[in-house]
Every structure is written in C-alpha cells, then in structure tokens.
Amino acid sequence: MLVANIIIFVQDRKIMEPNQQTIAFFQRQILIWHHTGNPREHPWTKEQDPYRIWLAEIIMQQTQVAQGLPYYLKFVERYPDIRSLANARDEEVFLLWQGLGYYSRCRNLLSAARYIDRELNGNFPKNYKDVLALKGVGQYTAAAIVSFAYGLPYAVLDGNVFRVLSRFFALDAPIDDNASKKVFQELADHLLPADNAATYNQAIMDFGAVICKPKKPLCQDCLLAPGCKAKALDIVEDLPVKQKKLAVKERYFQYFILQYGNEFYVQQRTGKDIWQNLFEFYLIESENFHQHPGWLLLKPYVTQPPLPVFQGRQRLTHQLIHSYFHNLQLSGKPTFLNNGLWLKAENLRQCAFPKTILAFMDNMVPA
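Is there a simple way to explain unusual backbone geometry in this structure?
Excluding glycine, a negative phi dihedral is what most residues carry, and trans is how most peptide bonds are arranged. Following Leu239, the chain continues into Pro240 via a peptide bond in cis, with omega recorded as 0°. Mapped onto the fold, Pro240 is located in the loop between helix H12 (229-233) and strand E3 (249-260). Although it is not a glycine, Tyr102 sits at a positive phi angle of roughly 45°. Along the chain, the position of Tyr102 falls in the loop between helix H5 (90-97) and helix H6 (104-119). Residue Tyr102 is classed as partly exposed on the basis of its relative accessible area of 35%. Positive phi values are uncommon outside glycine, yet Asn277 reaches one of about 80°. With respect to the helices, strands and loops of the structure, Asn277 is situated in the loop between strand E4 (263-268) and strand E5 (279-280).

It is not clear to me how the pairing of E3 should be interpreted in this structure. Could you clarify?
In terms of burial, E3 is largely enclosed, as nine of its 12 residues are buried. Relative to strand E8 (residues 319-329), E3 runs parallel, the two sharing 11 bridges. Paired with Tyr255 across the strands is Phe325, a residue of E8. When E3 meets strand E6 (residues 282-286), the two strands line up antiparallel, connected through five bridges.

What exactly am I supposed to notice about the nonpolar core here?
Soluble, globular proteins show a tendency: their nonpolar side chains are buried together. Counting residues in hydrophobic clusters, the biggest one holds 105 residues, and the most contacted among them are Phe26, Trp54, Phe75, Leu85 and Leu165. Ranked by residue count, the leading element in this core is helix H2 (residues 50-60), at eight residues. Apart from the residues within four sequence positions on either side, Phe75 is in contact with Leu55, Ile59, Pro80, Leu85, Val93, Leu96, Trp97 and Leu109. Judged by nonpolar contacts, the second largest core, of 13 residues, contains Phe256, Tyr282, Leu337 and Trp342.

Basis of the calculations
Residues numbered from 1 in each chain as written. Predicted model: local features only at pLDDT ≥ 70, side-chain atom pairs only at ≥ 80, totals over all residues. Heavy atoms only, no water. Helix = DSSP H or I, 4+ residues; strand = E, 2+ residues; numbered from the N terminus. Buried < 20%, exposed > 50% of the residue type's maximum accessible area, 1.4 Å probe, protein only. Pairing = 2+ DSSP bridges. Core = buried A, V, L, I, M, F, W, Y, C linked by side-chain atoms within 4.5 Å. Contact = heavy atoms within 4.5 Å.

So this is what it looks like as structure tokens:
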C-alpha cells in the first residue's frame with residue numbers, strides 16, 4: 001500500500017494544476033522520446049482519414065495490436081470507406097470479425113457506419129460531441145479520432161496513459177473509479193499541448209506501451225525518470241491502483257454436434273448474451289461439467305449415447321466458459337429443431353462462430 005499523504009496533485013479528488021515547469025518538462029521529454037526512440041509504427045500512425053482512425057480504434061479496443069492488426073488490414077481492404085461497410089451484410093462483416101472477440105464492437109461498428117451513411121450522407125462527424133454520440137464510441141475513442149484526424153485539442157486517456165500519469169505524479173487514486181477518472185482526465189487535459197495534440201497523444205500512448213510497461217517498466221531508459229515521483233518513492237510497481245476485483249462467473253456449455261449424413265445442425269445466438277448473432281452447435285447449458293441430461297430429447301434419433309470428443313475454455317472479461325463437445329450421429333432430423341440450419345461440412349466455415357467453437361473445428365477429425 002502507498003504511504004498516506006504522498007499525493008501532491010489530488011486533494012479530495014480535485015485536480016491541482018501542475019506548474020508550468022512540470023508541464024513543459026513532461027511534454028518535452030515525451031515528444032523527444034517519440035521523435036528519437038519510439039519504435040512503434042502502425043498503418044494507422046499519422047493517418048488522417050477519420051474512417052480509418054475510427055476503424056482502428058474500434059478494432060483495438062481491449063485487443064493487443066499484434067492480434068488486431070491483421071483484422072484492420074482485412075477490413076480496410078474489404079471496406080475501404082464508410083459506404084462500403086454500411087452496405088455490407090451483417091453475416092459477411094461478422095465472419096470477417098470472427099476470432100477477434102467482443103462482438104458488440106462489431107454490431108456497434110455496423111450501426112454507426114449505417115448512421116453516418118444514411119443520416120450524415122457518408123460524412124464522418126468533425127467535432128468531439130458528434131463523434132462521441134456514435135454508437136460504441138467513448139471518451140477515449142472520440143478524443144483519439146478528433147485529435148488524429150482533425151488536430152483538435154482533446155487528450156486521450158487509455159490504459160497506457162493512466163499508467164504513465166499515475167506513476168509520474170504518484171497518484172494512488174484508483175483508475176477504475178469514476179470520480180478518479182475525472183481527476184486523471186483533468187490532469188491529461190492540463191498536460192496536452194493544444195497545438196500538437198495528435199503527435200503528443202500518439203507519443204504518450206506509445207510511451208506507456210514501450211517504456212512505462214505494466215510489468216518490468218524500463219525506468220533505466222525513461223526520459224521522465226528525473227521527475228518521476230513513483231521512482232523517487234520506489235513505488236513504481238504499485239501503480240496504478242485498482243479498487244475493484246473482477247468477479248468472474250463460470251459457465252458450462254455442453255455442445256452436441258448433431259450429424260445427419262454429411263449435414264450438421266447449427267443455430268444462431270439471438271438473445272442478449274455473449275456471442276450475440278454468432279452461430280453455434282446445439283447447446284445445453286448445465287451447472288457443472290457432468291450434467292447434460294438435455295440430450296435425452298434427442299434419444300429417439302440416436303442409437304448410442306453422445307461421445308465426448310473435445311473440451312475447451314474461453315476467458316471473457318467477466319466470464320469463464322467451459323465448453324464440452326459431444327458427437328451424435330442421428331438416424332433422422334429431429335422435428336423440434338426448427339430454428340437452425342443444416343449445413344454440409346464444407347459450408348460450416350461460411351458462418352461466424354465463437355473462438356471456442358473454432359478451436360473445436362480446427363481439431364475435429366472428419367467423420
């Protein structure tokens with residue numbers, strides 16, 4: 001735990017503006033590092049097309065750059081502008097997004113694209129308020145878009161920036177608390193050079209990713225180190241602080257691979273739950289690994305009990321999904337299965353599936 005009363009800039013969760021000397025030092029060192037030592041270069045770096053910046057920011061939400069980059073390149077190639085994305089079929093876009101996770105981002109992407117195309121005549125909004133109003137766009141994403149595309153003076157505040165600010169100023173205000181987030185945003189706003197917002201925003205995010213890393217930060221290479229209060233107090237590893245412990249719910253999915261001849265039964269998830277709009281095999285959710293009595297509905301159509309063939313796990317933000325897959329060879333198509341599709345094996349990959357089912361399909365031995 002941090003020592004009480006070490007905080008200089010936060011009192012009763014109100015920001016005390018750092019002095020001009022501190023601001024000038026912080027800005028100068030961040031920009032020097034960016035121009036002389038920043039190794040990060042991405043296709044969207046220095047991009048000024050708001051559509052491509054928006055696309056990159058949505059794809060990179062809660063996603064590592066190495067994972068998101070191929071998706072960004074595929075989307076730009078397939079949908080080079082707002083109109084092409086707005087006019088795409090949902091199934092086509094979800095299939096391109098497949099494996100990236102957090103599918104609500106994809107739904108919001110389509111919704112916003114169609115709004116811009118149909119309500120704004122394809123013209124991307126040009127001010128912070130209107131960009132923030134787009135579905136799926138929060139304060140960070142809006143600030144990134146308007147600063148990178150239009151040079152507007154809005155400071156970004158993502159996980160990397162939280163970390164740099166909390167360490168440099170030794171702020172132990174929890175970054176997952178709404179009142180504290182306002183404190184950090186005010187501080188970020190004070191530090192932003194209004195006439196160089198785009199370059200500075202990119203620089204501080206990259207600095208947090210490359211130098212001021214979550215674990216084993218490169219303090220020996222840090223140009224901010226001479227003024228870093230966390231380093232002076234030897235509390236770098238203690239910051240930033242989070243007050244909430246993530247509660248993870250465990251769920252058990254029993255998937256039954258229903259095969260009739262060369263056809264497999266799949267169904268679309270339409271409820272307001274995880275993986276909405278994606279496809280899956282016949283599912284029975286149970287309370288634990290052993291319980292799956294629901295397969296008995298299928299008993300008149302099979303000659304032997306289900307054969308377990310694969311199991312996997314997928315960690316979501318608040319859930320841990322245990323998936324168990326069972327093969328069932330059918331003697332006929334169950335009449336009660338009227339909400340799904342029967343697809344030949346070679347056509348299964350035309351549907352978008354959750355990552356855990358893709359893992360099963362990649363390991364499945366053809367019948």
